[in-house]
Amino acid sequence: MRQGPEGGKAPSEMITKKIAELDDWRGTRLADIRRVIGAAAPELVEAWKWNTPVWSYKGNAVAACGFKDHVKINFFNGASLTDVSGFFNAGLDAKTTRAIDLYEDDVLDEAAFIELVRAAISHNRTKVKK
């Protein structure tokens, strides 16, 4: 088990702690995101970076964090991914990343999300290191 930065806690413990701290819809949403990622892509490894849950496979793939009024799902190489469903709705002008901002009443399109997670893994498998 990999060690996390805070008191030797594993990243999975830190993510669980963050979900519990967000004791409203944001925690529930973050738990849903974690569940979908785990089911869709078990090869992703949970990490704790920048005080944020991150999932990696041959490099950072996805991060998710709760903010005051929304939950942000960030795809580190989102600009390189084909978003057939048009799910990306934030950071569209960024050179590399793309994001999805979900607000309290928004529905997580699990099929579109799974497609993007799997595309991120595929991208990381094939990207050429500079």
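Everything numeric in this text was worked out from a predicted model, so none of it was measured.

Parameters at a glance
Residue indices follow the written sequence of each chain, beginning from 1 at its first position. With the structure being a predicted model, the display of local features is reserved for residues of pLDDT at least 70 and the display and counting of side-chain atom pairs for 80 or more, all residues being used for whole-chain, interface and lining totals. To get the side-chain values, all heavy atoms of the structure are used, and hydrogens and water are removed first. A helix here means a DSSP run of H or I that spans at least four residues, while a strand means a run of E at least two residues long, and both kinds are numbered starting from the N terminus. Taken over C-alpha atoms, the radius of gyration is set against a globule rule of 2.2 Å times the number of residues to the power 0.38. Only heavy atoms matter for contacts: two residues are in contact if any of them lie within 4.5 Å across the pair. Working definition of accessibility: Shrake-Rupley area with a 1.4 Å probe, residue cover restricted to the visible protein chains. Neither His nor the chain termini are counted; the positive set is Lys and Arg, and the negative set is Asp and Glu. Positions of charges follow a simple convention, taking NZ of Lys, CZ of Arg, CG of Asp or CD of Glu. Burial classes: relative accessible area under 20% of the type maximum marks a residue as buried, over 50% as exposed, and values in between as partly exposed (1.4 Å probe, protein chains only). Any two strands are treated as partners once DSSP identifies two or more bridges connecting them.

**Q** So what exactly am I meant to see when it comes to the overall build of the chain here?
**A** When helices and strands are tallied, the chain shows 3 helices and 5 strands. Starting at the N terminus and ending at the C terminus, the chain contains elements arranged as α-α-β-β-β-β-β-α. For the chain, the C-alpha radius of gyration of 14 Å lies close to 14 Å, the compact-globule estimate for 130 residues. Taken along its principal axes, the extent of the C-alpha atoms in the chain is 35 × 35 × 25 Å. By sequence separation, contacts in the chain at least 24 residues apart represent 50% of the contacts at least 6 residues apart. Carbon together with sulfur atoms contributes 51% to the accessible area of the chain, which is approximately 7,100 Å² in total. Between the mean site of the 19 positive side-chain charges and the mean site of the 18 negative ones, the chain shows a separation of 10 Å.

**Q** Help me understand the pairing of strand 4 (residues 70-75), please; the structure alone is not making it clear to me.
**A** For a regular strand, side chains alternate in direction, first toward one face of the sheet and then toward the other. Counting buried positions along strand 4 yields 5 of 6 residues, so the element is predominantly enclosed. For strand 3 (residues 60-66) and strand 4, the ladder comprises 5 bridges, and the chain directions are antiparallel. Pairing of Ala64 across the sheet is with Ile73, part of strand 4. Counting the residues in the hairpin turn of strand 3 and strand 4 gives 3 residues. Where strand 4 and strand 5 (residues 98-103) come together, 6 bridges link them in antiparallel fashion. Looking at the pairing, His70 lines up with Tyr103 of strand 5.

By themselves, these are just geometric observations and shouldn't be taken as functional.
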